[in-house]
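Observations on the three-dimensional arrangement
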Amino acid sequence: HKLSVAPEMDIMEYCRREWRGNTPVAKRMRKGYEAVAQKFAAIRRVRGDNYCALRATLFQALSQATQLPSWLQSEDFTMLSEKLLSKYDWIKQWQLKQKLGRKMGEISDEIKEYLSLLRKKWKTISEIKGPTEKQEACDKLFRNEEEEYSLYEALKFLMLNTSIKLYNDDKSGRRVPVFSWLLFARDTSSNPCQLMHNHLNHIGHSGGLEQVEMFLLAYALQYTIQVYRLYKYGSDEFVTLYPNDPEEDWPVVTLITEDDRHYNIPVRMCEETVL
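Please read these numbers as outputs of a predicted model, since none were measured by experiment. (Residues numbered from 1 in each chain as written. Predicted model: local features only at pLDDT ≥ 70, side-chain atom pairs only at ≥ 80, totals over all residues. Heavy atoms only, no water.)

Next up on the list: unusual backbone geometry. Most peptide bonds take the trans configuration, and most residues that are not glycine carry a negative phi. That bond from Tyr-242 to Pro-243 is cis: its omega, -5°, falls within 30 degrees of zero. In this structure, Gln-222 is a non-glycine residue whose phi angle is positive, near 55°. Mapped onto the elements of the fold, Gln-222 is located in the loop between helix 11 (211–221) and strand 3 (224–229). We classify Gln-222 as partly exposed; its relative accessible area is 31%. (Helix = DSSP H or I, 4+ residues; strand = E, 2+ residues; numbered from the N terminus. Buried < 20%, exposed > 50% of the residue type's maximum accessible area, 1.4 Å probe, protein only.)

Okay, structure coming up:
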């Protein structure tokens, strides 16, 4: 079984291997990696398919989880698919792991299974005390393709649920974060149904997450996703937060990207950073 997240490697060694030339781009990337190396000692490469933003975020969240997030604790969490399908008929067109032509009941059951798996894995890993054992448990999970891809389906469904909440809040005059307007201002996602058809159904198959969907993922998980965007080195977008006005009590995960398409993860915070 191939590990979806490669073993760690010294961050500057990785940079030297990847960016040798003297082009302006290579120089900027090296500067970017040097800045990240002030905070983190190593990098882990994430498998580069269209799930990589979900994979990097979930891996980071699980590898530092010490408790089950409150939204995962609620009694009816696993009933989410039934609840939404009873209200929104169009969710029947949710595309599950490239198996087409399912009946209504199956979709609901299958998503319920994915949500239960997400809760179970999060609970198990967050209860592991030792950092080495926790890391081993994460590595094991991300070697198990069947489970790993089921978890991404759960995350995508949580993103759909969050988008429906935001859309309804906005329509009923409640305050919503700015990204929510941007999300629904796109021609291809003017409502949650279009978002599902034109975006969420394609994540992992023919496309990854766009910028505005990184915000949606952050809201769905109630995590702040901090991203070092290396090609933006030297600008104020070099370190971007999703959301940019995070809630105080949301945990933070950190990712690295060279192009806003593929994400890797920095690991081993340098001692002074921890202090």
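Okay, back to it.
Turning our attention to helix 2 (residues 24–37). At 3.6 residues per turn, the α-helix brings residues three or four places apart onto the same side. Under the 1.5 Å per step criterion, the end-to-end length of helix 2 is 20 Å for 14 residues, consistent within 8% with the ideal 20 Å. Within helix 2, burial applies to Ala-26, Met-29, Arg-30, Gly-32, Tyr-33 and Val-36. Buried residues of helix 2 fall within an arc of 160° about the axis and therefore sit on the same side. The secondary structure elements touched by the buried residues of helix 2 are helix 1 (11–18), strand 2 (40–44), strand 3, strand 5 (252–257) and strand 6 (263–269). (Expected span 1.5 Å × (residues − 1). Arc of directions from axis to C-beta. Contact = heavy atoms within 4.5 Å.)

With that settled, the discussion passes to helix 8 (residues 145–171). Across its 27 residues, helix 8 extends 39 Å between first and last C-alpha, which sits within 8% of the 39 Å expected from 1.5 Å per residue. Summarising burial for helix 8: 19 of the 27 residues are buried, a large majority. Positive phi shows up at Gly-173, right after helix 8, with a value of about 80°.

To continue, consider the sheet that holds strand 1 (residues 9–10). Judged by pairing direction, the sheet is mixed, and its six strands sit side by side in the order 1-2-6-5-3-4 without closing on themselves. Of all strands in the sheet, those bounded by a partner on one side alone are strand 1 and strand 4 (239–242). Relative to strand 4, strand 3 runs antiparallel, the two being bridged by four bridges. By the bridge assignment for strand 4, Tyr-228 is matched with Val-239. Helix 2 contacts strand 2, strand 3, strand 5 and strand 6 of the sheet and is inclined by roughly 120° relative to strand 2. (Pairing = 2+ DSSP bridges. Axes fitted to C-alpha atoms, helices over the stretch in contact; angles between N-to-C directions.)

Two aromatic rings are characterised by how far apart their centres lie and by the angle between their planes. As enumerated under the stated definition, the model contains 18 aromatic pairs in all. Aromatic side chains Tyr-167 and Phe-184 sit 5.1 Å apart centroid to centroid with 70° between the ring planes, which places their arrangement in the edge-to-face category. Taken as a pair, Tyr-167 in helix 8 and Phe-184 in helix 9 (residues 178–185) lie far apart in primary sequence, 17 residues in all. By relative accessible area, which is 21% here, Tyr-167 ends up partly exposed. The buried category is assigned to Phe-184, whose relative accessible area is 14%. (Phe/Tyr/Trp six-rings, centres within 6.5 Å; stacked < 30°, edge-to-face > 60°.)

For the structure on display, the rule yields zero disulfides. Cys-138 provides the cysteine sulfur closest to Cys-52, a residue in no disulfide bond, and the two sulfurs are 18 Å apart. You can call Cys-52 buried: its relative accessible area is 3%. (Disulfide = S-S within 2.5 Å.)

With that settled, consider the UniProt feature "active site" (unreviewed entry) in the chain. In the numbering used here, UniProt assigns the feature "active site" (unreviewed entry) to Asp-49, Cys-52 and His-262. The named residues occupy 214 residues along the chain; their greatest pairwise C-alpha distance, 8.3 Å, places them in one compact cluster. Examined against the element boundaries, Asp-49 turns out to sit in the loop between strand 2 and helix 3 (52–63). You can call Asp-49 partly exposed: its relative accessible area is 23%. (UniProt positions renumbered as here; feature names shortened; annotations may be inferred.)

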